[in-house]
Amino acid sequence: MKIIILLLFVFTLSSCLKPKYSKETNPEKYLEFELLEDDTYAVVGFKDSYVKDLTIPSTYNNKPVTKIKEFAFKAKRSFLHLITHPPIISLIIEEGVKIIEDEAFYDAMLEEVTLPSSLEYIGESAFAKNETKINYIDNLKYIGSNAFKGNILTGEITIKNIEIGEYAFSETLIEKVTFEDDVEIIPEGLFFNSNNLKEINLPKNIKYIGTNAFKNTNIKEVSIFGETIIDTMAFSEIESLEKVELLNKKITLESKSFGNNINLNDINFGNIEHINPEAFSGSPLNNIKLENSNDKYILTKEQKGIMNKSNNELILGGSNFTNFSDVKIIGAYAFSQRNLGDIIIPNTVELIKSNAFYFTSFKSLNIQAKKISYRSFYYSKINEELHISTEIISKESFYYSSGYKKLFINEGTKKIETDAFTVVSDLETVYLPSSLEQIEMAAFVQNHNLKEVYYELPEDKLPVKLYIGNFIIYKSNVVVENNRVLTKLYDDFKIYVNEEMYDFVKDYWSDMPVNDKYIYNDNLSDFIYIRKQD
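Since this is a predicted model, take the numbers as computed values, not measurements.

### With respect to the overall build of the protein chain
Helix and strand counts for the protein chain stand at three helices and 44 strands. Against the 2.2 N^0.38 benchmark of 24 Å for 534 residues, the protein chain shows a C-alpha radius of gyration of 33 Å, more extended than a compact globule. Projected onto its principal axes, the C-alpha positions of the protein chain cover 105 × 75 × 35 Å. For the protein chain, the residues scored as buried account for 50% of the 534 residues in total. Within the protein chain, counting contacts between residues at least 6 apart in sequence, those at least 24 apart form 34% of the total. Accessible surface, the protein chain: about 24,800 Å² in total, of which carbon and sulfur atoms supply 46%. In the protein chain, 58 side chains carry a positive charge and 78 a negative one; their mean positions are 2 Å apart.

Okay, structure coming up:
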């Protein structure tokens, strides 16, 4: 209660002490000026009073005013982050002023700004944090980082070959941008979150497009003609983006440069020399095109993916891809963050590389490929059931995967490595094959809903060596002793075997080898049950 009263007191006091607007209309009387070395004046800020409608004059003491100094009209706030003076509502800067320094009007709560055509330099965050109407000046020679961030800057602008800082036009309402032909660099975040931006005309010789440059805009089409580096997330999360043309063989694509564009289907790779599949994570790409003359890549049979000519490695596949018949290797990030249908990966596929299906969703999935690599299906989502008959399931292959309640590891699988099925949140039942030769420590670690394992084995075959460490979960408080984690099995966990194998495996699976990472006190032999025949 005392705190509430104190806060009310402070708020009331700050309101009472807040300066009022001056009735003065002559800028020379309410502004403070500083004489510069070039015998012109700079505006430093207000003297002792504030005005609602601010005018920056072109002259003072019969000499030109050319500059507005840094922080001149930046909002002043209390320790409670309350503004301690009345806001400036409108701003007119008269002709002749050339320079606005860093944060000159930062957070000033402006609503309308008129800039002069004489203006050449706008510093870092000069008008940032103002939801103000503002005009753009074509004569500018320098625009600092965040200069117009969040301003109500509308319509069409032309970007010339001048120095422009990062995020200079982010969160504005610009609708169309034309870049002059000699512009070579588009800085990081230049139009980030500018949701009204629908059209851009990129120069043919553009060399670099920065991270987040056009992220979350409203562009429909992008054509790149230059030998261009397109940096991370430069054109990502653009819901309206439908078509991309990459028309220079030397284009470089960085991670997610065209990522998470949910309607991007038409993509023309032309004669490109290198495709980075991670650049398109989360984009469907249902209509992929490629020049027949491309030296390195070829379209798959149904033209729904791109393969490397030399080794039939699938580099990139669209959301509509289903036929793996001519694929030997599925490359890293080939299907990253895409929504796929009913997928069967045949045994003619020799290798699924790491992150090939990173965050990918499947309607259904049957894997017969010879080897699944580290984190191939990292965070993937598979409906109801997962079927695997792969020879080797590598470490963390299905790390944090979800959706499937039943896991059928079928005949043909020989080895399951450590952490292969770590934190599979929905998994309830696992079926192990007689072909299994090795299952490593913590292969099924931290699967809190896993309560049933079925292992069917002929009498004449030695079973795989199992022990408690294969199926452990951490104790609820994750106690650590000597850098090892205390683990357990749930009381209702059961592993089912055929009746004729029961007595043998009770002894065979009772070993409790010491592990340098985990401590466990339960014994797997206490969780073995005879499987009832159907």
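### A word on the sheet that holds strand E16 (residues 199-201)
Read across the sheet, three strands follow the order E12-E14-E16 without closing on themselves; strand pairing throughout is parallel. In this open sheet, the two strands that pair with only one neighbour each are strand E12 (154-159) and E16. Across the sheet, the mean angle separating the axes of adjacent strands is 20° when strand polarity is ignored. Of the pairings in the sheet, the one linking E12 to strand E14 (residues 173-179) comprises six bridges and is parallel in character. Considered in E14, the bridge of Ile159 is made with Phe179.

### Overview of the packing of aromatic side chains
For the structure shown, the criterion picks out 51 aromatic pairs. Seen from their ring centres, Phe324 and Phe335 are 5.9 Å apart, and the 55° between their planes marks the pair as tilted. Residue Phe324 is located in the loop between strand E26 (313-317) and strand E27 (329-330), and its partner Phe335 is located in the loop between E27 and strand E28 (339-345); the two are separated by eleven residues in the primary sequence. Since its relative accessible area comes to 0%, Phe335 is described here as buried. For the ring pair Phe504 and Tyr508, a centre distance of 5.1 Å and an interplane angle of 25° mean the geometry is stacked. With Phe504 and Tyr508 both in helix H3 (residues 499-508), this residue pair falls four residues apart, about one helical turn. The ring centre of Phe225 lies 5.8 Å from the NZ or CZ of Lys204, which sits over that ring.

### Describing the pairing of strand E25 (residues 305-308)
Alternating positions in E25 separate into two faces, Gly305 and Met307 on one and Ile306 and Asn308 on the other, with burial throughout. Relative to E25, strand E24 (residues 297-299) runs antiparallel, the two sharing three bridges. Its bridge partner being in E25, Leu299 is matched across the sheet by Ile306. Between E24 and E25, which pair antiparallel in sequence order, lie five residues; one of them, Gln303, sits at a positive phi of approximately 60°. By the bridge criterion, four bridges tie E25 to E26 in an arrangement that is antiparallel.

### Brief notes about the confidence of the model for the protein chain
On average, residues of the protein chain score 92 in pLDDT, and 95% of them reach the 70 mark or higher. Scored below 50 in pLDDT, residues 5-17 makes six contacts in the model with residues more than four places away or belonging to other chains.

### Considerations on the sheet that holds strand E15 (residues 185-186)
Judged by pairing direction, the sheet is parallel, and its four strands sit side by side in the order E15-E17-E19-E21 without closing on themselves. Each edge of the sheet is formed by a strand with only one pairing partner; in this case those strands are E15 and strand E21 (252-253). Sheet analysis places strand E19 (residues 229-230) next to E21, joined by two bridges and oriented parallel. Along E21, the bridge assignment pairs Ile230 with Leu253.

### Re the side chain of Glu101
Within the secondary structure layout, Glu101 lies in the loop between strand E7 (99-100) and strand E8 (112-114). Within the structure, the side chain of Glu101 is placed 3.0 Å from the backbone nitrogen of Glu70, a separation counted as a polar contact. Excluding its chain neighbours within four sequence positions, the residues that come into contact with Glu101 are Lys67, Ile68, Lys69, Glu70, Gly123 and Ala126.

### Remarks on the nonpolar core
By size, the foremost hydrophobic cluster in this structure holds 85 residues, and its most contacted members are Phe169, Phe214 and Leu246. Beyond its immediate stretch of four places on either side in the chain, Phe214 contacts Phe179, Ile186, Phe191, Leu197, Ile200, Leu202, Ile209, Ile219, Ala234, Phe235 and Ile238. One finds Phe321, Phe398, Ile416 and Phe493 within the second-largest nonpolar core, a separate group that totals 67 residues.

The rules behind the values
Here the residue numbers are simple positions, counted from 1 along each chain's written sequence. Restriction of local features to residues with pLDDT of at least 70 applies here, the model being predicted, together with a cutoff of 80 or more for giving and counting side-chain atom pairs; totals for whole chains, interfaces and linings are based on all residues. To obtain the side-chain values, all non-hydrogen atoms of the structure were included, while hydrogens and water were left out. Think of it this way: any DSSP run of H or I at least four residues long counts as a helix, any run of E at least two long counts as a strand, and we number them from the N terminus. The globule rule used for comparison is 2.2 Å times the number of residues to the exponent 0.38, while the radius of gyration itself is calculated over C-alpha atoms. Buried, partly exposed and exposed residues are distinguished by accessible area as a fraction of the type maximum, computed with a 1.4 Å probe on protein chains only: under 20%, between the cut-offs, and over 50%, respectively. Should any heavy atoms of two residues lie within 4.5 Å, those residues are considered in contact. Here the open area of atoms and residues is found with the Shrake-Rupley method and a 1.4 Å probe, where only the protein chains shown may cover a residue. Note that His is not counted, nor are the chain ends; the positive residues are Lys and Arg, and the negative ones are Asp and Glu. Note that the charge is assigned to NZ on lysines, CZ on arginines, CG on aspartates and CD on glutamates. Two strands qualify as a pair provided DSSP detects at least 2 bridges between them. Axis definition: a line fit to C-alpha positions, over the contact stretch in the case of helices; interaxial angles, taken between N-to-C directions, run 0 to 180 degrees. Only the six-membered ring of Trp is used, alongside the rings of Phe and Tyr, when aromatic pairs are assigned; centres must lie within 6.5 Å, and planes under 30 degrees apart are stacked while those over 60 apart are edge-to-face, with the rest tilted. Throughout this description, the term charge over a ring refers to an Arg CZ or Lys NZ atom that lies within 6 Å of the ring centre and within 35 degrees of the ring normal. The pLDDT value expresses, per residue, how confident the predictor is, ranging between 0 and 100. Each polar contact in these results corresponds to two N or O atoms within 3.5 Å; when the atoms are within protein, one needs to be able to donate a hydrogen and the other to accept it, and residues that are neighboring in sequence are counted only if both atoms are side-chain atoms. By nonpolar core we mean a set of buried residues, namely Ala, Val, Leu, Ile, Met, Phe, Trp, Tyr and Cys, connected to one another through side-chain atoms within 4.5 Å.

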